[in-house]
Amino acid sequence: PCDALPLIEDHEGLTPEEMLRLCDMCAEIYEEQHDHERAAQVIHTFRQPLLAQRDHHIHAQYCFIISGYYDDLLDGHYQPQDDMERTWLKRMSEAIDLAIRHMRKARRKDSKMLLCEYLRARATLLIRGEPERKLRIRKLLREMNAILKENAEPWLQRGLCLNRLNGLVSYLCGRRF
């Protein structure tokens, strides 16, 4: 198994974006190895330096990494069977909601694209675990659709792929919940 902890502990001199990528990659590696303790350690190590940035874009991405950690712990169990799974699902939902809240305030070039990804993740979580929350699901999809309509042309000019997001919104908006 990989031991990236020495690399992570020596993160001085990295930009916030480099720290985010390192955090995300290393947490993902440990999650793939089912070493959730080390994945949590990686995420925790980057908490202070990333949140010290006071940058909504950075905060949102960090929160989304946290939601991915809980998603991995849940392993597809979005209708929890016990208190531990309920706690993980609650924390995952809170992390995605916080990522969305911060990304709505972010003003970087790719903020809107990431916001669409986070809205999609939240809608997907609701569809899987709480399909009765139709109004919330619709609201998330409508927000995604509005962002896609507003930004499709500039994103296409920059060569960004919209198929995954646009196809999902078209499919889900056409369905009745």
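These remarks concern the structure in this document. Not measured: the values here are computed from a predicted model.

Remarks on the overall build of the chain
Item 1. When its secondary structure is counted, the chain shows eight helices and zero strands.
Item 2. Reading the secondary structure of the chain in the N-to-C direction produces α-α-α-α-α-α-α-α.
Item 3. A buried classification covers 41% of the 177 residues belonging to the chain.

Some details on the pattern of salt bridges
Item 1. For the structure on display, the rule yields nine salt bridges.
Item 2. Among the salt bridges present, the one from Glu17 reaches Arg108, with a minimum N-O distance of 2.6 Å. Residue Glu17 is located in helix α2 (residues 16-32), and its partner Arg108 is located in the loop between α5 (83-105) and α6 (111-129); the two are separated by 91 residues in the primary sequence.
Item 3. It is possible to trace a salt-bridge network through shared partners that takes in Glu17, Asp55 and Arg108.

Focus: the packing of aromatic side chains
Item 1. All told, the structure shown has two aromatic pairs when counted by the stated rule.
Item 2. Seen in terms of ring centroids, Phe64 and Tyr118 are 4.2 Å apart; in terms of plane orientation they differ by 25°. Their pairing is stacked. A residue pair is termed long-range when its members are at least 10 positions apart, and Phe64 in helix α4 (residues 56-74) and Tyr118 in helix α6 qualify at 54 residues.
Item 3. Relative to Tyr70, the ring of Tyr69 has its centre 5.1 Å away and its plane inclined at 70°; by these criteria the two rings are edge-to-face.
Item 4. A relative accessible area of 11% means that Tyr69 is categorised as buried.

Let's talk about helix α3 (residues 36-51)
Item 1. Between its terminal C-alpha atoms α3 stretches 22 Å, which fits the 22 Å expected from 16 residues at 1.5 Å a residue.
Item 2. Turning to α3, its buried residues are His36, Ala39, Val42, Ile43, Phe46, Pro49 and Leu50.

Brief notes about the environment of Ser67
Item 1. For Ser67, the position within the fold is in helix α4.
Item 2. For Ser67, a relative accessible area of 3% corresponds to the buried category.
Item 3. Separated by 21 residues in sequence, Ser67 and Trp88 place their C-alpha atoms 9.2 Å apart.
Item 4. What Ser67 contacts, discounting residues up to four positions off in sequence, is Met92, Ala95 and Ile96.
Item 5. Within the structure, Ser67 has its side chain in polar contact with the backbone oxygen of Phe64 (distance 2.8 Å).

Some remarks on the nonpolar core
Generally speaking, nonpolar side chains in soluble globular proteins are found buried as a group.
Item 1. By size, the foremost hydrophobic cluster in this structure holds 47 residues, and its most contacted members are Val42, Ile43, Phe46 and Tyr62.
Item 2. For this core, the secondary-structure elements that each account for two or more residues are α2, α3, α4, α5, α6 and α7 (134-157).
Item 3. Apart from residues lying up to four places away in sequence, Ile43 is in contact with Cys23, Ala27, Tyr62, Ile65, Ile66 and Tyr69.

Scoring rules and cut-offs
Note that residues are indexed from 1 along each chain, following the sequence as it is written. Owing to the predicted nature of the model, reporting of local features is limited to residues with pLDDT of at least 70; listing and counting of side-chain atom pairs is limited to 80 or more, with chain, interface and lining totals taken over all residues. The side-chain figures draw on all heavy atoms in the structure; neither hydrogens nor water molecules are used. Strands are runs of DSSP state E lasting at least 2 residues, helices are runs of H or I lasting at least 4, and numbering of each runs from the N terminus. Three exposure classes are used, based on accessible area relative to the maximum for each residue type with a 1.4 Å probe and protein chains only: buried under 20%, partly exposed in between, and exposed over 50%. By definition here, a salt bridge exists when the distance from a side-chain nitrogen of Lys or Arg to a carboxyl oxygen of Asp or Glu is within 4 Å. Pairing of aromatic rings covers Phe, Tyr and Trp, the last counted by its six-membered ring, and requires centre-to-centre distances within 6.5 Å; plane angles under 30 degrees mean stacked, over 60 mean edge-to-face, and any other angle means tilted. Expected helix span is computed as 1.5 Å times (number of residues minus one). We call two residues contacting when some pair of their heavy atoms lies within 4.5 Å. What qualifies as a polar contact is a pair of N or O atoms within 3.5 Å, subject to a donor-acceptor requirement within protein and to the restriction that residues adjacent in sequence count only when both atoms come from side chains. For this analysis, a nonpolar core means a set of buried residues of the types Ala, Val, Leu, Ile, Met, Phe, Trp, Tyr and Cys, connected via side-chain atoms within 4.5 Å.

Keep in mind these numbers describe shape, not what the thing actually does.
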